[in-house]
Amino acid sequence: MADRVTVIGWDGSPLTRAATSALSAATLVAGAAHHLALPEVPPNAERIRLGSVDLAARRIAGHRGSAVVLADGDPGFFGVVRTLRAPEHGLEVEVVPAVSSVATAFARAGMPWDDALTVVAHQRTLRRAVNVCRAHPKVAVLTSPGAGPAELALLLDGIHRTFVICEELGTAREQVTVLTSDKVADHVWRDPNVVIVIGGSGTLTGTARSGAGWIAGREPGYPPQQRGWALPPDDDEPHTPSREGEYAGLRAAQLARLGPRTGDLVWDIGCGGGALAAEAAGFGAAVIAVDADADACRRTDARARRLGVQVQVVAGRAPHVLERLPEPDVVRIGGGGVPVVTAVADRRPQRIVTHASTRDEAEAVGAALAAGGYDVECALLQSVELDTADWTERERTVVFLLCGRHPDAAS
């Protein structure tokens, strides 16, 4: 095992005395090509060009002498330190940090970033990174080849965002470009780059929250404008007992089975007043709300704005309108029956949640889910609302809740 392993962050500025001292004593140096070309690298040291950090860690573990790993920015922030310290390598490291590329990008943009989310985009996580950009008004994206600014912009089709693209930060070729998302795919971008994606509330001010803030990233739990979830309809919501899909008890059960989370894309088909769509967005998921009724679309958009969450509202009738939507992770179906259930099952989301008014309808929907390859759960929910002035029954709702879980999906 190496006698000593030092990880040095580099942000383009002159190396610190501690970094220079570690390099001068190194018998093995690992890093990218531009790191290995630094004049401080000893000419007689063994050099490893970093591709796979795991492979480099194994080489370092078998080396006798002092090893140095050079990395861009802060190596402890989505960097090599995590891999080097993994139990299978058993390396104890000393870290000489530099300013992270994310901090540098926001400094170049002149914006605060304690309210930003940071995601890593590569080909396996690109879709989830895009969903975070849909759901949050300020996101820093650490890109990779094949998952860069152009790919992000193309997958955000229909969502307006502003991109701040920071190429080769800390080098003589550094460049910062600000474009709207519809123009980004028209350019070729150099690696490495960091992309700041801004949209929705905070687009003009560069901030995703008001006040000083107290926690990094998004506020935990539901948006600060409202405490709790699956709450009764607003006072200004039209009271429609016949539309049992809108009642709070069913919505609570549907949200519990959907489990929306950061990085997911939720479809809410037949969104009605947008109560479930807004609450799913409050959990950090990206949400597309679909309804054929123009007034329902208007109310959904208004609710999302009032609660400070991002919801894309699509006017159209399912199942035809679903053909042009991006792939969902979980889907709530508020209406449309078997044809819509079948069309959604063909897209293979992890979970599909819907409801039925009668047993016959529940059996038909359950059969459609099963035919689509889903494990089906059905429960009969009954809710009785009481008038607490005299404790008499005000309203009774009975509905079948159905949930389809795809057996190949992650839990």
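For the structure, check the block above.
This one's a predicted model, so the numbers in the text were calculated from it and none came from an experiment.

J.: Can you walk me through the environment of Val 178 in this structure?
T.: By the secondary structure assignment, Val 178 is in strand S9 (residues 175–180). A C-alpha to C-alpha distance of 22 Å links Val 178 and Asp 11, two positions 167 residues apart in sequence. If we skip the residues at most four places from it in the chain, Val 178 touches Thr 162, Phe 163 and Val 164.

J.: What am I meant to see in the sheet that holds strand S6 (residues 117–120) here?
T.: Backbone hydrogen bonds hold the strands of a sheet together, and the pairing may be parallel or antiparallel. Taken in spatial order, the five strands make up an open sheet running S6-S7-S10-S8-S9, and their pairing is mixed. The sheet terminates laterally at S6 and S9, the two strands that pair on one side only. Neighbour-to-neighbour, the strand axes of the sheet open up by a mean angle of 20 degrees, direction not taken into account. The pairing of strand S8 (residues 162–167) with S9 spans six bridges and is classified as antiparallel. Note on S9: the bridge partner recorded for Cys 166 is Val 176. Along the sheet, helix H6 (residues 126–135) contacts S6, strand S7 (138–142) and strand S10 (193–198); its crossing angle with S6, the most-contacted strand, is approximately 160 degrees.

J.: Explain the packing of helix H9 (residues 248–258) against helix H10 (residues 275–282) to me, please; I cannot follow it from the model alone.
T.: The relative placement of two packed helices is expressed as an angle between their axes plus a distance between the axes. The interhelical angle for the contact between H9 and H10, taken along N-to-C directions, is 40 degrees, at an axis separation of 11 Å. In this view, H9 runs oblique relative to H10, as classed from their interaxial angle. Between H9 and H10 lies a crossing whose hand is right-handed. Seen from H9, the contacting residues are Arg 251, Gln 254, Leu 255 and Leu 258; seen from H10, they are Ala 275, Leu 276, Glu 279 and Ala 280. Among the residues making up the contact of H9 with H10, the classes are represented as five nonpolar, one polar and two charged.

J.: Where do I start with the packing of aromatic side chains in this structure?
T.: Pairs of aromatic rings are described using the distance from one ring centre to the other and the angle between the two planes. One pass over the structure, following the stated rule, counts two aromatic pairs. Centroid distance Phe 77 to Phe 78: 5.0 Å. Interplanar angle 75 degrees. Geometry classified as edge-to-face. Phe 77 sits in the partly exposed class, given a relative accessible area of 29%. With centroids separated by 6.0 Å and ring planes inclined at 10 degrees, the aromatic side chains of Phe 106 and Trp 113 adopt a geometry described as stacked. Classification of Phe 106 by relative accessible area gives buried; the value is 1%. Accessibility expressed as a relative area gives 34% for Trp 113, which makes it partly exposed.

Definitions and cut-offs
- Residues numbered from 1 in each chain as written.
- Predicted model: local features only at pLDDT ≥ 70, side-chain atom pairs only at ≥ 80, totals over all residues.
- Heavy atoms only, no water.
- Helix = DSSP H or I, 4+ residues; strand = E, 2+ residues; numbered from the N terminus.
- Contact = heavy atoms within 4.5 Å.
- Pairing = 2+ DSSP bridges.
- Axes fitted to C-alpha atoms, helices over the stretch in contact; angles between N-to-C directions.
- Parallel < 35°, antiparallel > 145°, perpendicular 65-115°, else oblique.
- Left-handed = near helix turned anticlockwise from the far one by under 90°.
- Nonpolar A, V, L, I, M, F, W, Y, C, P; charged D, E, K, R; others polar.
- Phe/Tyr/Trp six-rings, centres within 6.5 Å; stacked < 30°, edge-to-face > 60°.
- Buried < 20%, exposed > 50% of the residue type's maximum accessible area, 1.4 Å probe, protein only.

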